[in-house]
Amino acid sequence: MARNVPYFDVMSFSAYDKCYKLYLNRHANYILITMTKILVTGTSAGGIGEYIVRYLLKNTHAEVIGVARRAAEYGDRYTHIQGDITNAETLEKIKAAVGDKLEGAIFNAGVLGDLARIESSDVDGVKKVFEINYFAPILLTKALLPALRAAKGRAIYTSSLASDHVIQGWTAYSGSKAALNSFVGILGAEEPEIVALAIDPGVVDTPMQTSIREEQLHKLSKEDQKQFSEFKERGLLVNPEDSGKAFGNLVLGAKKEWSGKFLPWNDPDFNCLTLS
């Protein structure tokens, strides 16, 4: 997707901000009037979902519906549904809140699970990670398809670079995200009325990274232990506000030709999003 546009540094959003201001000014009326509802799963405090919600509430007049296992409150125009997205009762609450038309959905809920080498892995634990990271998004997507089709909406899925990189001990998480990428590709092919994208959010400074460093680092290879430690020590982690900003812009303006793809959050083609 490369083209002749400035590639902004991971730690700097100046180029992105400049482009987005142009985009927002050009399409302000469209966004404020027609972008009525956006669903975001995994909106607990501290994660990427929180920053997606805050960005959307600040920059649009959309009604944002959030879903998380823990309570969350982000002010006016935010409706929170507390529950597990694998639960049928939670699914019905989401469908009721969404109604007949949904302009955008960000499927962000996910878990890392227990890191373990294959020989010592707990298969039931692996299945649980797949249930949340893979099967739950399929179930929720299926339920929301009529509403997304009605609005010609956008469905954005939080994937991971781990989906196509080998990291010892990551059987459950990497496998579930690789499966998610495949699902999004099929969804993009089957559903021409919507835009579906799987996005690598980068190595983001969230509780997940803290958990890896403080609780599970010893389960990784020596090389991976060093890498995950250096992400924090050398200031290489992505600011969750920047990642949230990227996801917010994509649910507003991701292009049809990107549908079905797995792309990084800072792909150069995202510098100047348009709705055309």
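Calculation criteria
- Residues numbered from 1 in each chain as written.
- Predicted model: local features only at pLDDT ≥ 70, side-chain atom pairs only at ≥ 80, totals over all residues.
- Heavy atoms only, no water.
- Buried < 20%, exposed > 50% of the residue type's maximum accessible area, 1.4 Å probe, protein only.
- Helix = DSSP H or I, 4+ residues; strand = E, 2+ residues; numbered from the N terminus.
- Pairing = 2+ DSSP bridges.
- Right-handed = clockwise from strand over helix to strand, strands pointing away.
- Contact = heavy atoms within 4.5 Å.
- pLDDT = per-residue confidence, 0-100.
- Phe/Tyr/Trp six-rings, centres within 6.5 Å; stacked < 30°, edge-to-face > 60°.
- Expected span 1.5 Å × (residues − 1).
- Axes fitted to C-alpha atoms, helices over the stretch in contact; angles between N-to-C directions.
- Parallel < 35°, antiparallel > 145°, perpendicular 65-115°, else oblique.
- Left-handed = near helix turned anticlockwise from the far one by under 90°.

### Considerations on the pairing of strand S2 (residues 63–68)
Part 1 of the reasoning: With respect to burial, S2 is a largely interior element, 5 of its 6 residues being buried.
Part 2 of the reasoning: Here strand S1 (residues 37–41) pairs with S2 via 5 bridges, running parallel. Paired with Leu 39 across the bridge in S2 is Ile 65.
Part 3 of the reasoning: For the handedness criterion, the β-α-β arrangement of S1, helix H2 (residues 48–59) and S2 is classed as right-handed.
Part 4 of the reasoning: Pairing between S2 and strand S3 (residues 78–82): 5 bridges, direction parallel. In the sheet register, Ile 65 faces S3, and the bridge partner there is Thr 79.

### As for the side chain of Thr 141
Part 1 of the reasoning: Structurally, the position occupied by Thr 141 is in helix H4 (residues 123–151).
Part 2 of the reasoning: Note on Thr 141: relative accessible area 2%, which makes it buried.
Part 3 of the reasoning: Not counting chain neighbours up to four residues away, the residues in contact with Thr 141 comprise Phe 107, Tyr 157, Phe 183 and Leu 187.

### Some points on the confidence of the model for the protein chain
Any region with low pLDDT has predicted coordinates that should not be read closely.
Part 1 of the reasoning: Averaged over every residue, the pLDDT of the protein chain is 88; the share at 70 or more is 86%.
Part 2 of the reasoning: Note on residues 29–34: pLDDT under 50 across the span, and 10 contacts to partners over four residues away in sequence or across chains.

### Observations regarding the packing of aromatic side chains
Part 1 of the reasoning: A complete count under the given rule lists 9 aromatic pairs for this structure.
Part 2 of the reasoning: Summarising the aromatic geometry, the rings of Phe 107 and Tyr 157 are spaced 4.3 Å apart at their centres and angled 5 degrees between planes, so their arrangement reads as stacked. Residue Phe 107 is found in strand S4 (residues 104–107), and its partner Tyr 157 is found in strand S5 (residues 154–158); the two are separated by 50 residues along the sequence.
Part 3 of the reasoning: Here Tyr 157 falls in the buried class, since its relative accessible area comes to 0%.
Part 4 of the reasoning: With a centroid separation of 5.0 Å and an interplanar angle of 65 degrees, the aromatic rings of Tyr 134 and Phe 135 are classed as edge-to-face.
Part 5 of the reasoning: Taken together, the ring pairs connect Trp 170, Tyr 173, Phe 228 and Phe 231 into an aromatic cluster.

### Concerning the environment of Ala 178
Part 1 of the reasoning: With respect to the helices and strands, the residue Ala 178 is situated in helix H5 (residues 171–190).
Part 2 of the reasoning: Measuring from C-alpha to C-alpha, the distance between Ala 178 and Leu 161 comes to 9.2 Å, with 17 residues separating the pair along the chain.

### Observations regarding helix H8 (residues 240–253)
Part 1 of the reasoning: Across its 14 residues, H8 extends 20 Å between first and last C-alpha, which sits within 8% of the 20 Å expected from 1.5 Å per residue.
Part 2 of the reasoning: With 13 of 14 residues buried, H8 is to be regarded as a mostly interior element.

### A word on the side chain of Thr 206
Part 1 of the reasoning: Take Thr 206: it is sitting in the loop between strand S6 (195–200) and helix H6 (207–216).
Part 2 of the reasoning: With a relative accessible area of 11%, Thr 206 lands in the buried category.
Part 3 of the reasoning: Here Thr 206 is in contact with Gly 46, Gly 47, Ile 48 and Pro 240, once residues within four sequence places are set aside.

### A closer look at the sheet that holds strand S7 (residues 262–264)
Part 1 of the reasoning: Judged by pairing direction, the sheet is parallel, and its 7 strands sit side by side in the order S3-S2-S1-S4-S5-S6-S7 without closing on themselves. A strand with exactly one partner marks an edge of an open sheet, and here the two such strands are S3 and S7. Between one strand and the next, the sheet's axes are offset by a mean angle of 20 degrees, whatever the strand orientation.
Part 2 of the reasoning: Strand contacts of H2: S1, S2, S3 and S4, with the helix running at about 165 degrees to S1, the strand carrying the most contacts.

### Here's the deal with the environment of Asp 200
Part 1 of the reasoning: Its place among the elements puts Asp 200 in strand S6.
Part 2 of the reasoning: Classification of Asp 200 by relative accessible area gives buried; the value is 9%.
Part 3 of the reasoning: Considered as a pair, Asp 200 and Ser 243 are 43 residues apart in the sequence and their alpha carbons are 9.5 Å apart.
Part 4 of the reasoning: The contacts of Asp 200, once residues within four sequence positions are left out, are Ser 159, Ser 160, Leu 161, Phe 262, Leu 263, Pro 264 and Trp 265.

### Some points on unusual backbone geometry
Part 1 of the reasoning: One non-glycine residue with positive phi stands out, namely Arg 77, at about 70 degrees.
Part 2 of the reasoning: Summarising the element assignment, Arg 77 is placed in the loop between S2 and S3.
Part 3 of the reasoning: Notably, Lys 152 is not glycine yet its phi reads approximately 50 degrees, a positive angle.
Part 4 of the reasoning: Locating Lys 152 in the fold gives a position in the loop between H4 and S5.
Part 5 of the reasoning: For Lys 152, a relative accessible area of 54% puts it in the exposed group.

### Let's talk about the packing of H6 against helix H7 (residues 222–233)
Part 1 of the reasoning: At their nearest, the axes of H6 and H7 sit 10 Å apart, and the two run at 125 degrees to each other. When the interaxial angle is binned, H6 and H7 end up oblique. For the element pair H6 and H7, the recorded crossing hand is left-handed. For the pair formed by H6 and H7, the contact residues are Gln 209, Ile 212 and Arg 213 on the first element and Phe 228, Phe 231 and Lys 232 on the second.

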